[in-house]
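Here's the letter readout for the chains.
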Amino acid sequence: MRPKNAQIVEIVRETANVRTIRFDLDLNPVPGQYLMVWVRGVDEVPMSMSYRNGITVQLVGEATRAIFDLKVGESLGLRGPLGNGFSLAGDKILLVGGGVGAAPLALLGKAASKRGMEVTTLLGFRCCDDLLFRERFERIGELIITTDDGSEGICGRASAGLSCLDLQKFDQIYLCGPEPMMADVIGRCRGMETKIQASIDRYFKCGMGICGSCCIDPSGIRLCVEGPVIRADRLAGTEFGKYRRGPSGLKN
Ligand SMILES: Cc1cc2nc3c(=O)[nH]c(=O)nc-3n(C[C@H](O)[C@H](O)[C@H](O)COP(=O)(O)OP(=O)(O)OC[C@H]3O[C@@H](n4cnc5c(N)ncnc54)[C@H](O)[C@@H]3O)c2cc1C
């Protein structure tokens with residue numbers, strides 16, 4: 001698949017190190033699908049879609065720095081939307097996100113609310129300055145916030161907020177965020193694994209299921225095409241929550 005040229009029409013500063021970039025293309029993604037974002041001359045990196053025409057980027061290294069340096073009117077190359085995305089099911093759903101993992105959940109929550117589903121969201125951040133998409137989530141249902149330092153909402157990790165919720169009442173639980181957080185939530189929801197969908201982050205290179213960079217040991221699930229969203233029962237006995245492979249294939 002050749003990259004499509006996308007011109008930047010809007011840049012929103014969400015927090016000190018997170019920005020939303022909106023394009024002149026409506027890509028109509030399934031929530032949870034991602035784009036391979038080609039920053040010309042720098043790298044091509046995976047980013048979940050946070051809007052039908054946008055991504056929300058956390059500054060971590062070279063490619064994301066280069067995205068932060070772009071201005072309205074400049075462009076990126078986009079392959080996608082790629083991958084499977086979340087599958088909406090049931091009447092009552094719970095979204096659990098950590099940090100920039102809130103991005104694809106915001107798009108998912110909007111789609112669920114449009115379908116008349118009851119949406120509850122639990123989001124964890126390091127501190128109140130890192131909060132993302134508060135209004136978007138409040139618009140679609142109940143929002144519970146946790147912060148590591150207690151500066152907003154419940155003090156503690158996202159999983160600290162689970163104790164406020166009767167998990168059995170949810171038909172599906174959707175996760176996106178740091179892997180230890182997702183593994184912790186899955187561990188606390190024993191017996192509900194077939195109702196949990198997690199968006200998993202690995203080192204993506206081709207985005208086409210060819211190179212094997214994003215395979216999950218020992219199942220061989222190619223996250224870039226069979227994921228990034230995987231049902232929790234398929235993660236049992238895998239590397240998930242234990243280790244991941246870096247760009248060279250070595251475990252880290
Ligand atoms: C399916 C998927 C969806 C993602 N969605 C988002 C999102 O919505 N917003 C967001 O801010 N980030 C998202 N990421 C993470 C994002 O791809 C990395 O932060 C980005 O690639 C970092 O590139 P860099 O050059 O700035 O950093 P580098 O300095 O190159 O790397 C910093 C860290 O970023 C990760 N990373 C680097 N390159 C890749 C790669 N090709 N594939 C996967 N991880 C990489 C590695 O963990 C690495 O240690 C997503 C990752 C995946 C796999």
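Residues numbered from 1 in each chain as written. Predicted model: local features only at pLDDT ≥ 70, side-chain atom pairs only at ≥ 80, totals over all residues. Heavy atoms only, no water.

### Concerning helix α4 (residues 179-188)
If you check which residues of α4 are buried, you get E179, M181, M182, V185 and I186. Relative to the axis of α4, the buried residues are bounded by an arc of 160 degrees and lie together on one face. In α4, those exposed residues whose orientation departs by more than 90 degrees from the buried face are P180 and R188. (Buried < 20%, exposed > 50% of the residue type's maximum accessible area, 1.4 Å probe, protein only. Helix = DSSP H or I, 4+ residues; strand = E, 2+ residues; numbered from the N terminus. Arc of directions from axis to C-beta.)

### What to know about the site of the ligand
Looking at the ligand, there are 18 residues lining it, with P46, Q58, A63, T64 and F204 nearest. T56 has a polar backbone atom sitting 2.8 Å from a nitrogen atom of the ligand. Note that an oxygen atom of the ligand is positioned 2.8 Å from one of the backbone N or O atoms of A63. Coverage of the ligand by the protein amounts to 77% of the 860 Å² it exposes when considered alone. Among the secondary structure elements, those contributing two or more residues to the shell around the ligand are β4 (43-51), β5 (54-58) and α1 (62-69). With 4 residues, β4 is the largest single contributor of residues to the shell around the ligand. The residue inventory of the shell around the ligand, partitioned by class, reads 10 nonpolar, 5 polar and 3 charged. (Near = heavy atom within 4 Å. Polar contact = N/O pair within 3.5 Å; in protein donor to acceptor, adjacent residues only side chain to side chain. Areas by Shrake-Rupley, 256 points an atom, 1.4 Å probe, with all protein chains shown as cover. Nonpolar A, V, L, I, M, F, W, Y, C, P; charged D, E, K, R; others polar.)

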